[in-house]
Amino acid sequence: MTIPRAKITGTGSALPARVLTNYDLEQIVETSDDWIMSRTGIKERRIAAEGEYTSTFATRAAQRAVEMAGIDAVDLDLIICGTVTPDFPFPSTACIVQQNLGAIRAAAFDVSAACSGFLYGLSLAEKFIKTKAASHILVIGAEVLSRVVDWTDRNTCCLFGDGAGAVVVSAGTGPSGILSTHIYSDGSHWELLHQPGAGSRNPATQQLLDSGRIFIRMQGNEVFKLAVRAMEEAAHAALGANGFMVADLDILIPHQANRRIIDAIGKRLGLGEEKLFVNVQRYGNTSSASIPIALDEANRAGLLERDALVLLDAFGGGLTWASVLMRW
Ligand code: UT7
């Protein structure tokens, strides 16, 4: 019995039109372009307009991915959406996207793994393809983080942005496609990066709103150190599982949280700067959307040559981290 290979056959991304620069942020909190650039490498980020939701960008990104894959939405068997900023606590954003696309045959659900959500989704998709439970799967990473950021907290508000990326994963044969996926979690550090409200622990009361405890909280310094370590570990796991060396890699597309984290990983791996894909300067940290947006940009820019060895590497709240190695 041949096991199908999971292949990415289409990519897409969608971003809000509104750009919020570091200079704009200087008008909102006590910060500076110089501080944000030197500590994060972020120059600007995109912010959703009124009437735009996570599903708005998820749907647009999905439509572009489906179009590139050359299939119809009705061909989709499954829709998986990584997000921590869903349209609603329920139903899932994936169900809203299913309706928007007219993907009437697809089962749909969300994955909550913070910034690793897209790679968790890709890992699930690979298993569905390999077990022949599905032939065409849409995997999305989509966020509107601007709605869960405390715009009075300079420690966090300059870091995040909104947007979505998507891929179609289809069953194929041959050597190209997803070679391996690795996913990890460590719940003992959940408090380092979390959104306290509003869930069953801190329900949506007036008191919660007044306390400001509804928004993202992060101990940036601790997260930084753990991110570098975990992403390096996940990268080595992916390469080791397939018998490759760092030198075999053609491109590393890491989660885009901070330019310094990306550079530190590149340095620790001994990977040349020219093999690191970076767009954090334009979008900030879009959590689960960052890798699929970057993948789509790299793809449409012609940076992913046929047979290129491509490594995706993520880290986020949970803690969660993950890697996916592909032959393009
Ligand atoms: O996506 C999931 C993963 N997330 C991440 O990977 C994020 C990881 N963490 C980071 O990227 C960095 O830790 C930050 C960018 C969040 C912070 O950089 P840092 O070099 O770790 O700075 P810090 O937290 O040690 O803060 C240094 C100082 C503090 O002042 P004091 O206490 O030393 O007087 C902050 O209050 O910088 C201050 N500060 C700011 N100053 C101007 C924090 N934010 C700002 C700001 N503008 N926006």
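Below, the structure is looked at part by part.

About the thresholds
- Residues numbered from 1 in each chain as written.
- Predicted model: local features only at pLDDT ≥ 70, side-chain atom pairs only at ≥ 80, totals over all residues.
- Heavy atoms only, no water.
- Disulfide = S-S within 2.5 Å.
- Buried < 20%, exposed > 50% of the residue type's maximum accessible area, 1.4 Å probe, protein only.
- Helix = DSSP H or I, 4+ residues; strand = E, 2+ residues; numbered from the N terminus.
- Pairing = 2+ DSSP bridges.
- Near = heavy atom within 4 Å.
- Polar contact = N/O pair within 3.5 Å; in protein donor to acceptor, adjacent residues only side chain to side chain.
- Nonpolar A, V, L, I, M, F, W, Y, C, P; charged D, E, K, R; others polar.
- Phe/Tyr/Trp six-rings, centres within 6.5 Å; stacked < 30°, edge-to-face > 60°.
- Salt bridge = Lys/Arg side-chain N within 4 Å of Asp/Glu carboxyl O.
- Contact = heavy atoms within 4.5 Å.
- Axes fitted to C-alpha atoms, helices over the stretch in contact; angles between N-to-C directions.
- Parallel < 35°, antiparallel > 145°, perpendicular 65-115°, else oblique.
- Left-handed = near helix turned anticlockwise from the far one by under 90°.

## Focus on the state of the cysteines
Note: disulfide means a covalent bond formed between the sulfur atoms of two cysteine side chains.
Logical step 1: Evaluated as defined, the whole model comprises 0 disulfides.
Logical step 2: C157 supplies the cysteine sulfur nearest to C158, a cysteine that is in no disulfide, at a spacing of 5.7 Å.
Logical step 3: What makes C158 buried here is its relative accessible area of 1%.

## A few points about the pairing of strand β12 (residues 309-316)
Logical step 1: Of all 8 residues in β12, 8 are buried, a share of seventy percent or more.
Logical step 2: With burial as the criterion, each face of β12 is covered, one bearing L309, L311, D313 and F315 and the other bearing V310, L312, A314 and G316.
Logical step 3: Looking at chain direction, β12 and strand β13 (residues 320-327) are connected through 8 bridges and run antiparallel. By the bridge assignment, L312 is partnered in β13 with V324.

## Digging into the site of the ligand
Logical step 1: Surrounding the ligand, one finds 24 residues, the nearest of these being T31, C115, N221, N258 and N285.
Logical step 2: One of the side-chain N or O atoms of R39 is found 2.9 Å from an oxygen atom in the ligand.
Logical step 3: Between R154 and the ligand, the recorded distance is 2.9 Å, taken from a backbone N or O atom to a nitrogen atom.
Logical step 4: Sort the elements by how many residues they give to the shell around the ligand and helix α8 (residues 220-241) lands first, with 4 residues.
Logical step 5: Among the residues forming the shell around the ligand, the class breakdown is 11 nonpolar, 9 polar and 4 charged.

## Brief notes about the packing of aromatic side chains
Logical step 1: Scanning the model with the defined rule gives 2 aromatic pairs in all.
Logical step 2: Pairing Y184 with W321 gives two aromatic rings, centres 5.5 Å apart and planes at 15°, and the pair type is stacked. Of the two residues, Y184 is situated in strand β8 (residues 177-185) and W321 in strand β13; the sequence distance between them amounts to 137 residues.
Logical step 3: With relative accessibility at 10%, the residue W321 sits in the buried group.
Logical step 4: Taken together, a centroid distance of 6.4 Å and an interplanar angle of 35° make the contact between F315 and W321 tilted.
Logical step 5: Residue classification places F315 among the buried residues on the basis of a relative accessible area of 4%.

## Description of the pattern of salt bridges
Logical step 1: Summed over the entire model, instances satisfying the criterion amount to 11 salt bridges.
Logical step 2: The residue E126 makes a salt bridge to K130 at a minimum N-O spacing of 3.3 Å. Taken together, the residues span about one helical turn, with E126 and K130 both in helix α5 (residues 117-130) at a distance of 4 residues.
Logical step 3: Ionic contacts of the salt-bridge type, sharing partners, join the residues E126, K127 and K130 into one network.

## Observations regarding the side chain of T181
Logical step 1: Considering the arrangement of structural elements, one finds T181 in strand β8.
Logical step 2: Accessibility expressed as a relative area gives 15% for T181, which makes it buried.
Logical step 3: Within polar-contact distance, the side chain of T181 engages the side chain of S123 at 2.8 Å.
Logical step 4: Here the side chain of T181 touches K127 through a polar contact of 2.9 Å, side chain to side chain.
Logical step 5: T181 has contacts with S123, E126, K127, S323 and V324, leaving out every residue within four places of it along the chain.

## As for the sheet that holds strand β7 (residues 162-172)
Logical step 1: Strand order across the open sheet formed by 5 strands is β1-β7-β6-β4-β5, with mixed pairing between neighbours. A single partner strand is all that each edge strand has here, and the edge strands are β1 (5-14) and β5 (107-111). Within this sheet the neighbouring strands show an average axis-to-axis angle of 20°, counted without direction.
Logical step 2: Alignment of strand β4 (residues 78-82) against β5, held across 5 bridges, turns out to be parallel. Across the sheet, L78 pairs through a bridge with A107, a residue of β5.

## Remarks on the packing of helix α3 (residues 54-69) against helix α4 (residues 93-101)
Logical step 1: Two elements in contact, α3 and α4, have axes separated by 9 Å at closest approach and are oriented at 55°. With respect to their mutual orientation, α3 and α4 come out oblique. α3 and α4 meet at a crossing whose hand is right-handed. Residues T54, S55, A58, T59, A62 and Q63 of α3 touch α4, and the partners they reach there are T93, I96, V97, N100 and L101.
Logical step 2: Of the residues contributing to the contact of α3 with α4, the split by class is 5 nonpolar, 6 polar and no charged.

## Observations concerning the packing of α8 against helix α9 (residues 259-269)
Logical step 1: Running from N to C, α8 and α9 cross one another at 45°; their axes reach a closest spacing of 9 Å. Judged by the inter-axis angle, α8 sits oblique to α9. Considering only the axes of α8 and α9, their crossing is right-handed. Residues F224, A227, V228, R229, M231, E232, A235 and H236 of α8 touch α9, and the partners they reach there are R260, I261, A264, I265, R268 and L269.
Logical step 2: Its residues assigned to classes, the contact of α8 with α9 shows 9 nonpolar, 1 polar and 4 charged.

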